[in-house]
Amino acid sequence: MNTAEPIERLSLHEEVTNRLRDMIVQGLLAPGERIQEMALAQQLKVSRTPIRDALKVLTAEGLVQLLPLRGAVVRQFSAKDAHDMLEVIALLEEYAGLKACQASDERIGAVLALHEDMLRLYAARDRRAYFERNQQIHQALIALADNDSLSLTHDMLSKRMRSLRYSGNSSAENWAAALQDHEEMAQALRQRDGQALSRAMGEHIRRTWVRIAPQMGASD
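Quantities reported herein were computed from a predicted structural model and do not represent experimental measurements. (Residues numbered from 1 in each chain as written. Predicted model: local features only at pLDDT ≥ 70, side-chain atom pairs only at ≥ 80, totals over all residues. Heavy atoms only, no water.)

1. Quick word on the overall build of the chain
The criterion, for reference: Secondary structure elements are defined from DSSP: runs of H or I of at least 4 residues count as helices, runs of E of at least 2 residues count as strands, and each element is numbered from the N terminus. This radius of gyration counts C-alpha atoms alone. The globule rule is 2.2 Å times how many residues there are, raised to the power 0.38. Under the scheme applied here, a residue whose accessible area is under 20% of the maximum for its type counts as buried, over 50% as exposed, and between as partly exposed, the area being computed with a 1.4 Å probe on protein chains only. Should any heavy atoms of two residues lie within 4.5 Å, those residues are considered in contact.
For the chain, the count of helices and strands is 9 helices and 2 strands. Written out in order from the N terminus, the α and β elements of the chain read α-α-α-β-β-α-α-α-α-α-α. Here the C-alpha radius of gyration of the chain, 18 Å, is about what a compact globule of 220 residues would show, namely 17 Å. Its C-alpha atoms give the chain principal-axis dimensions of roughly 60 × 55 × 35 Å. For the chain, the proportion of its 220 residues judged to be buried stands at 44%. Relative to all contacts within the chain whose residues are 6 or more apart in sequence, the contacts with residues 24 or more apart total 73%.

This is the structure we're talking about:
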């Protein structure tokens, strides 16, 4: 009999961190908003200790700032901040695209399976689950490059941009366009065309800027 995979159980600290991160990404905690520890603790039915521990993690990720006299606030990025980070992410993903097509059939197949599941979530208009799967695909494509330094840098910047990237798909038109970008990426990966995948990944991230620029008061 095959040994079953163990069930992963998150600690309370990890659960609270994930919940607060989701609240920031979904705009339930708005950029610049002060984070009320006591109110959150009551809302999540936990003590203030895991809230404070979570805020330390989110501060390290760049999603939260600790300000004198204000305490913890949701970090607010300027248009230049967002553009600069997306440009670096685009360069990282272009490099990953060149390397990803050299991965094994099994690893490439796993990424394509994520893509198919993302299509299902799009059809169901489950935006939250779609976005999570979308981010998993980007992480998986980066992982195919087998470069720890690349993965570390990409992960740091991606966490900072999660909220803005989530908001970029708020309109049906933008969401459909982003999905089409991913279709192009999947096709290039199926064909093991590194040049095409690199180009598609870079263009996808740069189009993200076009989608979020208006809400940041910037022209594309």
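Now that the structure has been shown, we can carry on.
2. As for the pairing of strand β2 (residues 71-74)
A regular strand places its side chains so that they alternate between the two faces of the sheet. For clarity, the cut-off: By definition, two strands form a pair when at least two bridges between them are found by DSSP.
With 4 bridges connecting them, strand β1 (residues 64-67) and β2 associate as antiparallel partners. Along β2, the bridge assignment pairs Val64 with Val74. Taking the residues that link successive antiparallel strands as the turn, the β1-β2 hairpin has 3 residues, and the phi of Leu69 there is positive, at about 70 degrees.

3. Section: empty space enclosed by the protein
Vacant regions in the atomic arrangement are exposed by a probe of water-molecule size rolled over the atoms. The cut-off we apply is this: A cavity, in this analysis, means grid points on a 1 Å lattice covering only the protein atoms where a 1.4 Å probe fits yet has no way out; a pocket is instead an open set bounded by protein on both sides within 12 Å along at least five of seven lines, and a residue lines either one if it has an atom within 4 Å of a point. Grid points are joined across faces, edges and corners, and a volume is the space filled by probe spheres set on the points. Residues are sorted three ways: Asp, Glu, Lys and Arg are charged, Ala, Val, Leu, Ile, Met, Phe, Trp, Tyr, Cys and Pro are nonpolar, and all the rest, Gly among them, are polar.
In total, this model carries 2 cavities of 30 Å³ or more according to the counting rule given. Empty space within the largest cavity amounts to approximately 100 Å³. As for the largest cavity, its lining consists of Phe131, Asn134, Gln135, Arg165, Gly168, Asn169, Ala178, His204, Thr208 and Arg211. Contributions of two or more residues to the lining of the largest cavity are made by α6 (127-144) and α9 (194-212). Partitioning the lining of the largest cavity into residue classes produces 2 nonpolar, 6 polar and 2 charged. Taken as a whole, the second largest cavity holds about 60 Å³ of empty space. Lining the second largest cavity we find Val111, Leu112, His115, Ile137, Leu141, His182, Met185, Ala186 and Leu189. Counting only elements with at least two residues in the lining of the second largest cavity, the list comes to α5 (105-123), α6 and α8 (172-190). With 4 residues, α8 is the largest single contributor of residues to the lining of the second largest cavity. Its residues assigned to classes, the lining of the second largest cavity comprises 7 nonpolar, 2 polar and no charged.

4. Some thoughts on the confidence of the model for the chain
Stated precisely, the cut-off is as follows: Within a predicted model, pLDDT stands for the predictor's per-residue confidence, ranging from 0 to 100.
The pLDDT averaged across the chain works out to 91; a share of 94% of its residues lies at or above 70. At the level of individual helices and strands, the chain shows its lowest average pLDDT in helix α1 (residues 12-25), which scores 89, and its highest in α5, which scores 97. Considering only residues more than four positions removed or in separate chains, one finds that residues 1-7, a stretch of pLDDT under 50, has 0 contacts.

5. Describing the pattern of salt bridges
Under the convention used in this document: Here, a salt bridge means any side-chain nitrogen of Lys or Arg that lies within 4 Å of a carboxyl oxygen of Asp or Glu.
Evaluation of the coordinates by the stated rule reveals 18 salt bridges. Between Arg21 and Glu61 there is a salt bridge, with its nearest N and O atoms 2.7 Å apart. Note that Arg21 is positioned in helix α1 and Glu61 in the loop between α3 (48-60) and β1, a separation of 40 residues in sequence. Under the relative-accessibility criterion, Arg21 is labelled buried at 13%. You can call Glu61 buried: its relative accessible area is 9%. Between Glu116 and Arg190 there is a salt bridge whose closest N-O contact spans 3.3 Å. Residue Glu116 is found in helix α5, and its partner Arg190 is found in helix α8; the two are separated by 74 residues along the sequence. Here Glu116 falls in the partly exposed class, since its relative accessible area comes to 43%. We classify Arg190 as partly exposed; its relative accessible area is 38%. When salt bridges that share partners are traced, they join Arg21, Glu61, Asp155 and Lys159 into one network.

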